[in-house]
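# Descriptive analysis of the structure
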Amino acid sequence: MQDAPSSSAATDLQPARAQRKTLRLGMVAKASVAMLAVGLLPLILFGAITLIQEGNRIRAEARESLKTNAEQIAARLDEWVDKNVRVLQAVATLPEIRSMKADPQIATLTAISQSYPWMFLVHTIGPDGTDVARNDKHPLTNYADRQYFKDAMNGKDLIWQTLISRTNGKPSLVLAMPIRDGGTIVGVLQAAMAIEDISHIVLTWRAGQTGYAFLVDETGVVIAHAREEYVLSQRRLQDHPLVAAFEADGKPHLAAFVADGAESLGYIQGNRFHWGIAAQQNTAELMAAQRQTLMLGLALLAAAVGLVCFIALLASKLLVRPIVDMTHAADRMSMGELDASIPVAGKDEIGMLAKALERLRKSMVAAMARL
């Protein structure tokens, strides 16, 4: 007859059970953490490296795109202005223009405005600053206070200026040059063109919802801008980071800055007239593709974490379950319960441990029988 377990044996059993529970939880957790580290650490590292490379690629492509588009706009703008300058230079050498007589000049000036309709005003100005002839039928006006007239009379070959036209009260681009007869400056030929024609060249470039181009003259005054109020008020953008950098040295600049409360990336370069052509776009929109990649990566990572956790939990339980069963069997053996055999499954280390415990149980049964 087997002796009943003593109270001291029951007392000793409680810490053993507590230790068993702690051990069980610890092994499952450790196995899960180990599998998570092995399964997810390479994935996280690969995703981080890929994301960084994707961000660098997107930024490089955005910089190149801004630069390329600014260069193309500058080339188109120079071509457009050159075309108008060549026309005026050819007209300034015509005999009827050099004669500084109104009647022959009016026919020529009218023909020019008809061939180049964006020139809403083509006129000649006498040495006193008053109109000699105009293509329109407006009254003769005095322009002696205009800077382009003063510069032309002082011998400057080509003058350009953005100003509010006295003819229509709108922002305009003025091209002016002296009229020479026998080496003597006898007057000034001037053409005023609507800013809308230049704006069409500049503002046709758009990128997404926030990408646009704008144009400032050599003093930082807006010639073309997506915000019409900047053009109408001839606003100076000397505080704009791109314009300030360009005005400082006249060289192309690529810069990241904050515009209208949003981080932006922009590029500015000059043309032959030292105007600044700038293109900019919000960084958030530029990096939208990277954010989409990040969100997709996070979703895949979350799915991978869930899958690895499930597999880790299942595998760890399969690994720990036999150990827990053998622990229970050892507890029962310590309390004198030797009738239940210990199942042996597998030929691995756990199976070898189960066989050893089974042999121990049989030995204890035989020993108790002899006693």
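Just so you know, these numbers come straight off a predicted model, no measurement behind them.

In this section: the overall build of the protein chain. Counting its secondary structure elements, the protein chain contains 10 helices and 11 strands. Here the C-alpha radius of gyration of the protein chain, 44 Å, is well above what a compact globule of 371 residues would show, namely 21 Å. Along the first, second and third principal axes, the C-alpha set of the protein chain runs to 145 × 35 × 30 Å. Counting the 371 residues in the protein chain, one finds 38% classified as buried. Accessible surface, the protein chain: about 20500 Å² in total, of which carbon and sulfur atoms supply 60%. Distance between charge centres in the protein chain, computed from 38 positive and 37 negative side chains, equals 10 Å.

Let's shift gears to a nonpolar patch on the surface. Taken together, the side chains of Met35, Leu307, Phe310, Ile311, Leu314 and Leu318 define a hydrophobic patch exposed on the protein surface, amounting to about 600 Å² of accessible area. Take the nonpolar patch: its biggest share by element is 5 residues, from helix H9 (residues 288-334). Tracing the backbone shows Leu318 in helix H9. The exposed category is assigned to Leu318, whose relative accessible area is 62%.

Now for the confidence of the model for the protein chain. Residues of the protein chain with pLDDT of at least 70 account for 92%, and the chain-wide mean is 84. The secondary structure element of the protein chain with the lowest average pLDDT is helix H1 (residues 7-92), at 75, and the one with the highest is strand S2 (residues 131-134), at 96. The low-confidence segment residues 1-24 (pLDDT under 50) makes 10 contacts with residues lying over four places distant or belonging to another chain.

For the coordinates displayed, the defined rule picks out 5 aromatic pairs. Where Trp80 meets Trp118, the ring centres are 6.1 Å apart and the plane angle is 40°; that geometry is what we call tilted. Within this pair, whereas Trp80 is found in helix H1, its partner Trp118 is found in the loop between helix H3 (102-115) and strand S1 (119-125), the two being separated by 38 residues in sequence. Judged by its relative accessible area of 10%, Trp80 falls in the buried class. Where Phe273 meets Trp275, the ring centres are 5.4 Å apart and the plane angle is 35°; that geometry is what we call tilted. Pair check on accessibility: Phe273 and Trp275 agree, each one buried. Chaining the aromatic ring pairs together yields one cluster made of Trp80, Tyr116 and Trp118. The ring of Trp160 has Lys156 sitting right over it, with the charged end atom 5.9 Å from the ring centre.

Rules behind the numbers
Residues numbered from 1 in each chain as written. Predicted model: local features only at pLDDT ≥ 70, side-chain atom pairs only at ≥ 80, totals over all residues. Heavy atoms only, no water. Helix = DSSP H or I, 4+ residues; strand = E, 2+ residues; numbered from the N terminus. Rg over C-alpha atoms; globule rule 2.2 N^0.38 Å. Buried < 20%, exposed > 50% of the residue type's maximum accessible area, 1.4 Å probe, protein only. Areas by Shrake-Rupley, 256 points an atom, 1.4 Å probe, with all protein chains shown as cover. Lys, Arg positive; Asp, Glu negative; His and termini not counted. Charge placed at Lys NZ, Arg CZ, Asp CG, Glu CD. Patch = residues over 30% accessible without salt bridge, like charges linked within 9 Å, V, L, I, M, F, W, Y side chains within 5 Å. Salt bridge = Lys/Arg side-chain N within 4 Å of Asp/Glu carboxyl O. pLDDT = per-residue confidence, 0-100. Contact = heavy atoms within 4.5 Å. Phe/Tyr/Trp six-rings, centres within 6.5 Å; stacked < 30°, edge-to-face > 60°. Lys NZ or Arg CZ within 6 Å of the ring centre and 35° of its normal.

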